[in-house]
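Listed here are the chains, written in short residue letters.
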Amino acid sequence: MTLSKNAEKKLAKKIKRCQLMVAAETGLEFTGEISTENVVICNAGLSTGLQQEVLLEQVLSYGVSPEDVVLPAGKSYCYLRFRTVQDAREVCTQMNGLAPLGQDGSVLLMAFCKEFKEGLRDETDVERVPPGLILVEDFVDEGMERALLGLVDWEEEDESNGSLKHRKVKHFGYEFLYGSNNVDKNNPLDRKIPEICNELWEKLKRLYPELSWHVPEQLTVNRYEPGQGIPPHVDTHSAFEDPIISLSLGSSVAMDFRDAKGTHLSVDLPQRSLLIMSGESRYGWTHGITPRKMDTVRLNNSLTVRKRELRVSFTFRKLHDGPCRCQFPTLCDMFQSESQDRADRLKEKAAELELENVHKVYDEIAKHFSETRHSPWPRVESFIKSLPAGSVLLDVGCGNGKYLGLRPDIIPIGCDRSAELLKLCLERGHKVAQCDCLALPFPTASADACVSIAVVHHLATEERRRQALSEMARVLRPGGRSLVYVWAKNQEANAKKSSYLRQNKHNNRPEKEDRVKVAEHYDGLLPVHTNRTQFQHQDLLVPWKLRDVERNERETKVTFLRYYHVFEEGELAKICESIDGVTVVESYYDQGNWCVEFRKE
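Residue positions are counted from 1 within each chain, in the order its sequence is given. Owing to the predicted nature of the model, reporting of local features is limited to residues with pLDDT of at least 70; listing and counting of side-chain atom pairs is limited to 80 or more, with chain, interface and lining totals taken over all residues. The side-chain quantities take in all heavy atoms of the structure and omit both hydrogens and water.

## A look at the overall build of the protein chain
The number of helices and strands found in the protein chain is 12 helices and 30 strands. The cut-offs for exposure are 20% and 50% of the maximum accessible area for each residue type, with area from a 1.4 Å probe on protein chains only; residues under the lower value are buried, those over the upper are exposed, and the others partly exposed. A burial count over the protein chain gives 48% of its 601 residues as buried. The contact criterion used is simple: two residues touch if any of their non-hydrogen atoms lie within 4.5 Å. In the protein chain, the proportion of contacts linking residues at least 24 apart, taken out of those at least 6 apart, comes to 69%. As displayed, the protein chain offers around 30900 Å² of accessible surface, 48% of which is attributable to carbon and sulfur atoms. Helix and strand definitions follow DSSP, with helices as H or I runs of at least four residues and strands as E runs of at least two, each counted in order from the N terminus. All accessible-area figures derive from a Shrake-Rupley calculation using a 1.4 Å probe, and residue coverage is judged against the displayed protein chains alone.

Structure, rendered in structure tokens:
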């Protein structure tokens, strides 16, 4: 098929527009009418649904084998490299403006370019495989292949024979439980691994005596029709020993491996080959088979496609008899389970710390604390006075309610955990509720504004601090604003001492590290801060000394320890920015506090 001159002109204009977009993104140099070995498909790639195997099959139909096909991840363009300019020109003549492989059946737009760097192959790296992976070609002969395939009766119905969404499967020794990716060690199957497989173990020991090989106790046989695959996964660390071995029978297939860094390696598994995944390849890489009916393979330094046929895999595993201690935590179920247990314990201990060293303390010192908290902070007062008349204002952690009576023309509502502080608010006629700032008892989008002054720094983990801020954002209406104050670790910002430090009647020297007192803490020990000195730690206990008069009228002092997490610069703003639907309007320092105003979008 050839194009008319008018159609050729329109095609050239479309290609030129696409070239400009690709060049702007990649810096690639196009050569115009000068042919080269390198071709860019300007309007089709992975993001448009183009499949490498489909593109390659089309190219091969013209009797040309490309050296390389590169489809960059997430892009709407791709590259072809040929051995000769003549091959490249032939493919462009046949496909440019004609091949309907673009999105929704649009034709491909192709252009010649100078050398592109993406996809260049290091000839020493062509056969690269994940570390620890061993591939033994022709591990069994055709006779053994027929014997092994004959072991499985796919028509037989029993408790271990099933049909998954993408393939048929049968188990020997123990049933593999796909819900938990594990086996029930207390429930072995009557059908054991066939004795003929013992020949495989003997051969393995002779070929690789250095492997810490164990006779397998579990076998999974998978039957793959052309077009079927298996999602990327790693065999459960806690369930199975190292190595995992898999025999490919009936047909060859390409298996995809990926590590935690995103490295992708495609390993061709020839028919009758044995795959041994040990070490890093067993624990640190996922492996899977992409569902498709063709695979791209390299043959004599050229790419070609190979159609898949019926394939049966025999995967052998040895059950684990102890905990996994691998170095790949992102893929280790044992590590993730232990991490979750630690997180649950930490959450429980954090709540205990806050109960003992925040909530109970404020109930004890409420009256004395209120006597020291009477003047509103100027910038907090300015924020409240900026609200439109009739606004609903929530004060989260309202204390004695000093901010609740500033505006008679708005609707202020206070909440606090301390019952004793709330009694003081009620005596002053304020509307208040007792609650935890981690779960505010107000409807979503019910407030126009929110203030939280000197509250969030009493929460013992970053997760709990984020939860409190998320709750404040939740109760705001769209466009609503919140102002949050927390203690700053640096009490001398801009070379000026905060009012906290200026109240030190003796000296402003920080407590020396060797004189720091410690107290019991949910995760070990916490330092006890020396009042009116610069903070030396982020997580600490701050004393509150309360005068007490005993029955004999002898005055004594009782010291209570309050937990604080004092904030570094930018820390509060970073947490606020991580909350969906929140925009930080302003972040500033005010008299020893880090302060953030945010808006709900």
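Next comes the rest of the description.
## Concerning the packing of aromatic side chains
Aromatic contacts are taken between Phe, Tyr and Trp rings whose centres are within 6.5 Å, Trp giving its six-membered ring; a plane angle under 30 degrees counts as stacked, one over 60 as edge-to-face, and the others as tilted. All told, the structure shown has 12 aromatic pairs when counted by the stated rule. The interplanar angle of 65° and the centroid separation of 4.9 Å between the aromatic rings of F176 and Y178 together place this pair among those described as edge-to-face. Members of the aromatic cluster, joined through ring pairs, are F176, Y178 and F240. Sitting over a ring, as applied to charges here, requires NZ of Lys or CZ of Arg to be within 6 Å of the ring centre and within 35 degrees of the ring normal. The ring of F139 has K203 lying over it, and the distance from NZ or CZ to the ring centre is 4.9 Å. One residue, R379, lies across the ring of Y588, its end atom 3.6 Å from the ring centre.

## Describing the nonpolar core
Residues V456, L469, M472, V484, L572 and F598 are the most contacted members of the largest nonpolar core, which totals 34 residues. If near-sequence neighbours (up to four positions away) are discounted, L572 is found in contact with L469, V484, V486, F567, W594, C595 and V596. Residues grouped as a nonpolar core are buried Ala, Val, Leu, Ile, Met, Phe, Trp, Tyr and Cys residues, joined through side-chain atoms within 4.5 Å.

## Points about the environment of K192
Among the secondary structure elements, K192 is positioned in the loop between β9 (182-183) and α5 (198-207). Overall, the relative accessible area of 49% leaves K192 in the partly exposed class. Each C-alpha atom of the pair K192 and L219 lies 8.6 Å from the other, and the pair is 27 residues apart in sequence. Those residues in contact with K192 that sit more than four places away from it in its chain are F172 and G173.

## Some details on helix α8 (residues 378-385)
When α8 is considered as a whole, its buried residues turn out to be V380, F383 and I384. Buried residues along α8 cover an arc of 95° about the axis, so they all sit on one side. By definition, the arc is the one covered by directions from the helix axis to the C-beta atoms.

## Considerations on the confidence of the model for the protein chain
Mean pLDDT over the protein chain works out to 87, with 87% of the residues at or above the 70 mark. Per-residue confidence from the predictor is reported as pLDDT, which spans 0 to 100. Across residues 120-126, where pLDDT falls below 50, the model places 10 contacts with residues more than four positions away in sequence or in other chains. Note on residues 507-518: pLDDT is under 50 here. Beyond four places in sequence and across chains, it has 21 contacts.

## Considering the sheet that holds strand β23 (residues 447-453)
Taken together, the 7 strands give an open sheet; going across it, the order is β22-β21-β20-β23-β24-β30-β29, and neighbouring strands pair in mixed fashion. What marks the edges here is a single partner per strand, and that holds for β22 (432-434) and β29 (582-590). Sheet twist, expressed as the average angle between the axes of neighbouring strands with direction ignored, equals 15°. Pairing between strands requires that DSSP locate at least two bridges from one strand to the other. Bridging between β23 and strand β24 (residues 476-487) involves 6 bridges; their strand directions are parallel. By the bridge assignment for β24, A449 is matched with R481. Lines are fitted to the C-alpha atoms to define the axes, a helix being fitted only along its stretch in contact, and any angle between axes, read from their N-to-C directions, falls within 0 to 180 degrees. The strands touched by helix α9 (residues 419-427) within the sheet are β21 (411-416) and β22, with β22 carrying the most contacts at an inclination of about 165°. Against the sheet, helix α10 (residues 462-475) contacts β20 (392-396), β23, β24, β29 and β30 (593-600), and its axis sits at roughly 150° relative to β24.

## Some thoughts on empty space enclosed by the protein
One water molecule sets the probe size; rolling that probe over the atoms shows where empty space is left. In this analysis a 1.4 Å probe is tested at points of a 1 Å grid over the protein atoms alone, and where it fits but cannot get out there is a cavity; an open set with protein on both sides within 12 Å along at least five of seven lines is a pocket; lining residues have an atom within 4 Å of a point. Grid points are joined across faces, edges and corners, and a volume is the space filled by probe spheres set on the points. On inspection of all chains with the given rule, the structure shows 2 cavities of 30 Å³ or more. Considering only enclosed or pocket space, the second largest cavity measures out at about 50 Å³ in volume. Around the second largest cavity sit Y224, E225, P226, Q228, S252, V253, I289, R308, E309 and R311, which together line it. Only Asp, Glu, Lys and Arg are considered charged in this grouping, and only Ala, Val, Leu, Ile, Met, Phe, Trp, Tyr, Cys and Pro are considered nonpolar; every other residue, Gly among them, is considered polar. Of the residues contributing to the lining of the second largest cavity, the split by class is 4 nonpolar, 2 polar and 4 charged.

## Things to note about helix α2 (residues 52-60)
For an α-helix, 3.6 residues make a turn, and residues three or four places apart therefore share a direction. Residues of α2 that are buried include every one of E53, L55, L56 and V59, and no others. Buried residues of α2, seen end-on, are gathered within an arc of 160° and therefore sit on one face of the element. Tucked inside the fold, the buried residues of α2 contact β1 (38-41), β2 (68-70), β3 (78-81), α3 (85-95), β17 (294-299) and β18 (302-307).

## Comments concerning the pairing of β23
Among the 7 residues that make up β23, 6 are buried, leaving the element largely enclosed by the rest of the structure. In this structure, β20 lies alongside β23, joined through 3 bridges in parallel fashion. Paired with D395 across the two strands is V451, which belongs to β23. Read as a crossover between parallel neighbours, the route from β23 over α10 to β24 is right-handed. A clockwise course of the path from the first strand over the helix to the second, judged with the strands pointing away from the viewer, identifies a crossover as right-handed.

## Digging into the side chain of R407
One can find R407 in the loop between β20 and β21. A 3.5 Å cut-off defines polar contacts: any pair of N or O atoms within that distance qualifies, except that in protein one atom must be a possible hydrogen donor and the other a possible acceptor, and neighbouring residues in sequence count only when both atoms are side-chain atoms. Side-chain polar atoms of R407 contact the backbone oxygen of K385, separated by 3.2 Å. A polar atom in the side chain of R407 sits 2.9 Å from the backbone oxygen of L387. Sequence-distant contacts of R407, defined by excluding residues within four places in its chain, comprise I384, K385, S386, L387, P388 and A389.

## Overview of the pattern of salt bridges
A side-chain nitrogen of Lys or Arg and a carboxyl oxygen of Asp or Glu constitute a salt bridge if their distance falls within 4 Å. Evaluation of the coordinates by the stated rule reveals 27 salt bridges. The residue R81 makes a salt bridge to D68 at a minimum N-O spacing of 3.5 Å. Note that R81 is positioned in strand β3 and D68 in strand β2, a separation of 13 residues in sequence. By relative accessible area, R81 is classed as buried at 8%. Exposure remark for D68: the relative accessible area of 7% places this residue in the buried category. Between K423 and E420 there is a salt bridge, with the nearest N and O atoms lying 3.3 Å from each other. With a gap of 3 residues between them, K423 and E420 both fall in helix α9, about one helical turn apart.

## What about a positive patch on the surface?
To count toward a patch, a residue needs a relative accessible area above 30% and no salt bridge. Like charges then connect within 9 Å, nonpolar side chains (Val, Leu, Ile, Met, Phe, Trp, Tyr) within 5 Å. Asp and Glu are treated as the negative residues and Lys and Arg as the positive ones, with His and the ends of the chain left uncounted. For the purpose of locating charges, the reference atoms are NZ of Lys, CZ of Arg, CG of Asp and CD of Glu. Residues K5, K9, K10, K13, K14 and R17 make up a contiguous surface patch of positive charge. Mapping K5 onto the fold places it in helix α1 (residues 5-26). Residue class for K5 comes out exposed when judged on its relative accessible area of 70%.

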